Amino acid sequence: MIEIRNLSKIYKTKTGTVIGVDDVTLSIQEGEIYGIVGYSGAGKSSLLRCINLLERPTSGKISVNGTDLTSLKGENLRLARLKIGMIFQHFYLISQKTVFDNVAFALKAAKLPEAQIKSRVEELLEMVGLSDKRDVYPAQLSGGQKQRVAIARALANNPKVLLCDEATSALDPTTTMSILNLLKKINKELNITIVLITHEMKVVKEICNRMAIMQNGRVMEEGTVYEVFANPQTGLTKEFIESVVSFEIPEVILNKCDGPIVKVIFKGKVAGEGVISDTLQQFKVKGNFLHGSIEYIQELPLGIFIMELKGEKEEINNAIKYIENRAAQVEVLRNGL
Ligand SMILES: Nc1ncnc2c1ncn2[C@@H]1O[C@H](COP(=O)(O)OP(=O)(O)OP(=O)(O)O)[C@@H](O)[C@H]1O
Ligand SMILES: [Mg+2]
């Protein structure tokens, strides 16, 4: 669907060159909600803007639906762009135009007849839940409502792809959820592929199927959101995950533990129920729970428990082997065996 090949974007400034995107290769499938996270300056917006050629890549290729966008120019590029909608953190509505006219603006650019424009705008406002605001001006809307108008406008020309640049970053948590739910609905009902960039891992956990983590213009890690949460490979990814699922245990508590401290991760169906209690019954081992949670990612449970194990070394080793055989991952965090 979206193929990004060896894409680089280097900005030339008065003081020298700045790397925005550094040799990124990614494939985004049709119908997917794909998340790109990273701290400020990681290159997320640069990458996203290259996808619709708002920014021309310095090198590399972008193809959307089999069309190599980097080879298009003029009218052909303009037409290809109509099939890629985009929304931003700061909405960018036209303040002198009503809600209706803001959405109609995108259709006028596509030179549609008046009657068709009217019915399409009404349909779009209905979909984003703003039919009653059609004649008001952006200044009279809340942030969430402004983003809904921007979404309606972005969908006006029936795009196949919607690019979202920090679309919920200016919104409070409840409004963020309502916009994320709207994006989910659009993805499902209209089968629009969504690429979403954000610095909030919570947003990715909420709606994305797959994700990438960027730093210094590069993709550091990539995969299904579930696997990234279950098996983070880099310190950067762990940091992002801990912003959503914190496993911090106070040092004073850790210092009171003398047995090995293990982290047990259960993936998928067997989110741990039964396995730990079975283990503690079968072996002469006592478990002292320090932390535990079951997260639901894309409706699949991911159970993570941290505990101190007390008992004979051999019994502890056997207990760990037993847990591992029951489809779990065990990581020794401290006081190794
Ligand atoms: N037009 C530009 N001219 C020069 N440098 C730029 C330009 N746009 C971005 N950069 C630089 O490219 C790098 C990546 O910036 P980018 O805006 O893509 O990051 P980001 O991940 O979107 O950050 P944020 O989360 O703050 O939006 C930064 O070092 C930035 O300073
Ligand atoms: Mg940005």
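Residues numbered from 1 in each chain as written. Chains lettered and ligands numbered in written order. Predicted model: local features only at pLDDT ≥ 70, side-chain atom pairs only at ≥ 80, totals over all residues. Heavy atoms only, no water.

Side note on the side chain of S46
And then number 1: Looking at the element boundaries, S46 is found in helix α1 (residues 44-51).
And then number 2: A distance of 2.7 Å separates polar atoms of two side chains, one belonging to S46 and the other to Y11.
And then number 3: When neighbours within four sequence positions are excluded, S46 is seen to be in contact with Y11, G20 and V21. (Helix = DSSP H or I, 4+ residues; strand = E, 2+ residues; numbered from the N terminus. Polar contact = N/O pair within 3.5 Å; in protein donor to acceptor, adjacent residues only side chain to side chain. Contact = heavy atoms within 4.5 Å.)

Concerning the domain arrangement of the protein
And then number 1: For the protein, the domain assignment lists domain 1 (2-234) and domain 2 (251-334).
And then number 2: Computed from C-alpha coordinates alone, the two centres of domain 1 and domain 2 are separated by 41 Å.
And then number 3: Between domain 1 and domain 2, roughly 850 Å² of surface is buried when both sides are summed, and carbon and sulfur atoms account for 53% of that area.
And then number 4: Of all residues in domain 1, K205, Y226 and A230 give up the largest surface area on contact with domain 2, accounting jointly for 66% of the area buried on that side.
And then number 5: At the boundary of domain 1 and domain 2, one finds 2 salt bridges.
And then number 6: A salt bridge links E227 to K267; the nearest nitrogen and oxygen atoms lie 3.4 Å apart.
And then number 7: In this structure, the connection of domain 1 to domain 2 is made through 6 residue pairs in polar contact (both at pLDDT 80 or more).
And then number 8: Elements represented by at least two residues in the side of domain 1 that touches domain 2 include exactly α7 (201-207) and α8 (225-230).
And then number 9: Here the side of domain 1 that touches domain 2 gets 5 residues from one element, more than from any other, and that element is α8. (Domains from an automatic or database assignment. Buried area = accessible area lost by both parts, 1.4 Å probe. Salt bridge = Lys/Arg side-chain N within 4 Å of Asp/Glu carboxyl O.)

Things to note about the nonpolar core
And then number 1: One finds I87, I151, L183 and L196 to be the most contacted residues of the largest nonpolar core, which totals 66 residues.
And then number 2: Residue contributions to this core reach at least three from each of two domains, namely domain 1 (2-234) and domain 2 (251-334).
And then number 3: With residues up to four places along the chain from it excluded, the contact list for I151 reads I87, V128, I179, L182, L183 and I186.
And then number 4: Among the nonpolar cores identified, the runner-up in size contains 30 residues, and L7, I36, L72 and A80 belong to it. (Core = buried A, V, L, I, M, F, W, Y, C linked by side-chain atoms within 4.5 Å. Buried < 20%, exposed > 50% of the residue type's maximum accessible area, 1.4 Å probe, protein only.)

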